[in-house]
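The primary structure of each chain is shown beneath.
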Amino acid sequence: MATFEPTPLTQAPLLAVYRAMLQSRLMDERLVSLQRQGRIGFYGTGMGQEATCIASAFALRPTDWLFPGLRENAAMLLRGYPLVPYLAQLFGNSGDEAKGRQMPAHQFSRRVNQVSWSSCIGTQLPQAVGAAWAARRKGHDTVVLACLGDGATSTGDFHAAMNFAGVLQAPAVFLCQNNHWSISLHISQQTKSETLALKASAYGFPGVRVDGNDAEAVYAATSAAVARARAGAGPSFIEAVTYRVGPHSSSDDPTLYQDAQEVEAWRAKDPLERLRARLIERAAWDTARDEALRAELLSELNAALLEAEALPPVPPESLFDDVYAEEPWHLAEQRREFLRAPRGTTD
Ligand SMILES: Cc1ncc(C[n+]2csc(CCOP(=O)(O)OP(=O)(O)O)c2C)c(N)n1
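Residues numbered from 1 in each chain as written. Predicted model: local features only at pLDDT ≥ 70, side-chain atom pairs only at ≥ 80, totals over all residues. Heavy atoms only, no water.

Our working rule: UniProt positions are given in the numbering used here, feature names are shortened, and annotations may be inferred rather than shown by experiment.
By the naming in an unreviewed UniProt entry, the protein goes by 2-oxoisovalerate dehydrogenase subunit alpha and is assigned to Stigmatella ashevillensis. Listed in UniProt under the heading Sequence similarities (unreviewed entry), the comment for the protein reads: "Belongs to the BCKDHA family."

Structure representation (structure tokens):
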């Protein structure tokens with residue numbers, strides 16, 4: 001039987017992973033503060049989970065597709081999506097590819113083959129398997145990364161997706177971030193299964209458990225699973241064990257249900273600190289370069305935020321766009337009526 005050995009990351013790619021992880025962390029810190037100032041309506045951070053989000057996406061080719069959950073948006077930036085429209089999505093203004101029609105923090109773009117997650121947990125999974133199967137039927141060598149949280153494993157969509165992926169031998173890689181919490185529900189209340197990875201065997205494909213706070217381990221597991229899928233050997237499931245050190249989202253108060261000591265213990269395993277220490281140890285990095293990178297990323301973020309927030313609002317009549325390929329008469333009539341109607345003022 002063929003084995004699919006992961007390619008180890010050399011120094012330069014590992015620095016690219018570290019850069020994207022640091023960018024994600026700095027952005028999360030700033031966006032939480034913007035939400036608190038009332039400048040954006042909602043935000044969910046990937047704080048403490050950056051290794052899984054970034055290192056898994058790094059194992060993809062640009063032609064592969066990524067179907068994210070709430071914690072994987074920043075992968076788009078690693079794959080080349082520009083920061084200004086990424087941030088404009090949070091303001092829902094004219095820089096937003098979704099034209100203000102989605103909640104904040106639901107970025108997507110065909111430009112980097114990333115689909116918008118939907119707030120309904122698990123729905124992206126059958127879609128991801130469908131996309132993977134379609135690619136295979138078309139003879140493409142595309143792989144689809146289907147991301148989920150531990151809570152999503154309790155949805156019907158998860159089981160439907162896993163079953164179809166196994167039966168169809170779809171080139172899909174399921175990447176589950178087991179961050180221990182589904183809002184306030186602990187993983188121990190989601191399943192009696194010893195691990196989540198174990199669930200894959202019931203569907204006839206491999207499941208592995210990996211340290212989700214170790215970027216190199218996540219990359220190794222994902223690149224092996226991606227190679228397997230690309231070679232036509234079918235799907236895989238990766239359980240990346242990590243922890244949600246912050247709230248579920250800006251609407252949540254985790255002090256009501258999380259044990260402070262447990263959170264502190266996981267904070268000590270911070271994936272960003274860990275990778276930085278490892279790079280320094282290997283003499284590939286130092287404190288001065290780290291400070292310079294932080295300053296560069298912050299000034300890039302500040303400039304992009306200024307630009308994104310200043311973009312004009314979406315024209316209200318855009319709500320008639322993109323409904324049909326060709327606009328039917330009744331929609332054209334509604335658009336005309338809408339444009340004729342007097343506009344309210346905001347004064
Ligand atoms: C089908 C469905 N059920 C419940 C919810 C409410 N809900 C929103 S986020 C969430 C928790 C998701 O947890 P998990 O899948 O572990 O991802 P995490 O937020 O931990 O990254 C729940 C239950 C929902 N949005 N959709």
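**Overview of the state of the cysteines**
Using the following cut-off: Disulfides are defined as cysteine sulfur pairs within 2.5 Å. When accessible area is computed with a 1.4 Å probe and restricted to protein chains, residues below 20% of their type maximum are described as buried, those above 50% as exposed, and intermediate ones as partly exposed.
Evaluation of the coordinates by the stated rule reveals 0 disulfides. Distance from the sulfur of Cys-147, which forms no disulfide, to the nearest cysteine sulfur (Cys-53) is 7.5 Å. For Cys-147, a relative accessible area of 1% corresponds to the buried category.

**Here's the deal with unusual backbone geometry**
Selection rule: Strands are runs of DSSP state E lasting at least 2 residues, helices are runs of H or I lasting at least 4, and numbering of each runs from the N terminus.
One non-glycine residue, Ala-105, adopts positive backbone phi at about 70°. Positionally, Ala-105 belongs in the loop between helix H4 (83-91) and helix H5 (124-137). Non-glycine residue Gln-169 carries a positive phi angle of around 55°. Topologically, Gln-169 is positioned in the loop between helix H6 (156-168) and strand S3 (172-178).

**Topic: the site of the ligand**
Note the following rule: Residue proximity to a molecule or strand is established when one non-hydrogen atom of the residue lies within 4 Å of it. What qualifies as a polar contact is a pair of N or O atoms within 3.5 Å, subject to a donor-acceptor requirement within protein and to the restriction that residues adjacent in sequence count only when both atoms come from side chains. To be clear on the numbers: accessible area is Shrake-Rupley with a 1.4 Å probe, and residue cover counts the displayed protein chains and nothing else. Three classes are used: nonpolar for Ala, Val, Leu, Ile, Met, Phe, Trp, Tyr, Cys and Pro, charged for Asp, Glu, Lys and Arg, and polar for all others, with Gly counted as polar.
Around the ligand lies a shell of 13 residues, among which Arg-71, Ser-119, Gly-151, Asn-179 and Trp-181 are the nearest. Contact distances for the ligand include 3.0 Å between an oxygen atom and a backbone N or O atom of Ala-152. At 3.3 Å, a side-chain N or O of His-248 approaches an oxygen atom of the ligand. Summarising the interface, the protein chains cover 67% of the accessible area of the ligand, which totals 590 Å² for the free molecule. Residue composition of the shell around the ligand, grouped by class: 5 nonpolar, 6 polar and 2 charged.

**Quick look at the UniProt feature "domain: Dehydrogenase E1 component" (unreviewed entry) in the protein**
The feature "domain: Dehydrogenase E1 component" (unreviewed entry), as annotated in UniProt, sits at residues 18-315 in this numbering. Regarding residues 18-315, the helix share stands at 43% and the strand share at 10%, and the terminal C-alpha atoms are separated by 39 Å.

**Regarding helix H8 (residues 215-230)**
Where we set the bar: Expected span, for any helix, means 1.5 Å times one less than how many residues it has.
Taking 1.5 Å per residue as the helical rise, H8 with its 16 residues ought to reach 22 Å, and the 22 Å between its terminal C-alpha atoms agrees with that figure. With 13 of 16 residues buried, H8 lies mostly within the body of the structure. Of the residues flanking the start of H8, the one acting as N-cap is Asp-214, its side-chain oxygen 3.1 Å from the backbone nitrogen of Glu-216. Phi turns positive one or two residues past the end of H8, at Gly-232, with a value near 85°.

**Thoughts on the pattern of salt bridges**
It is possible for side chains of opposite charge to pair when their charged atoms get near one another. Heads up, the rule is: By salt bridge we mean one thing: a side-chain nitrogen of Lys or Arg within 4 Å of a carboxyl oxygen of Asp or Glu.
Per the counting criterion, the structure on display carries 23 salt bridges. Arg-25 serves as the salt-bridge partner of Asp-270, at 2.9 Å between the closest nitrogen and oxygen. A residue pair is termed long-range when its members are at least 10 positions apart, and Asp-270 in the loop between helix H9 (260-267) and helix H10 (271-281) and Arg-25 in helix H1 (residues 11-36) qualify at 245 residues. By relative accessible area, Asp-270 is classed as buried at 13%. Arg-25 gets classed as buried once you look at its relative accessible area, which sits at 10%. For Asp-322, the salt bridge goes to Arg-101, with nearest N and O atoms at 3.0 Å. On the criterion of sequence distance, the pair formed by Asp-322 in the loop between helix H11 (287-309) and helix H12 (329-340) and Arg-101 in the loop between H4 and H5 is long-range, its members being 221 residues apart. Overall, Arg-101 belongs to the partly exposed group, its relative accessible area being 43%. Where salt bridges share partners, they join Asp-211, Asp-214, Glu-216, Arg-274, Arg-278 and Arg-282 into one cluster.

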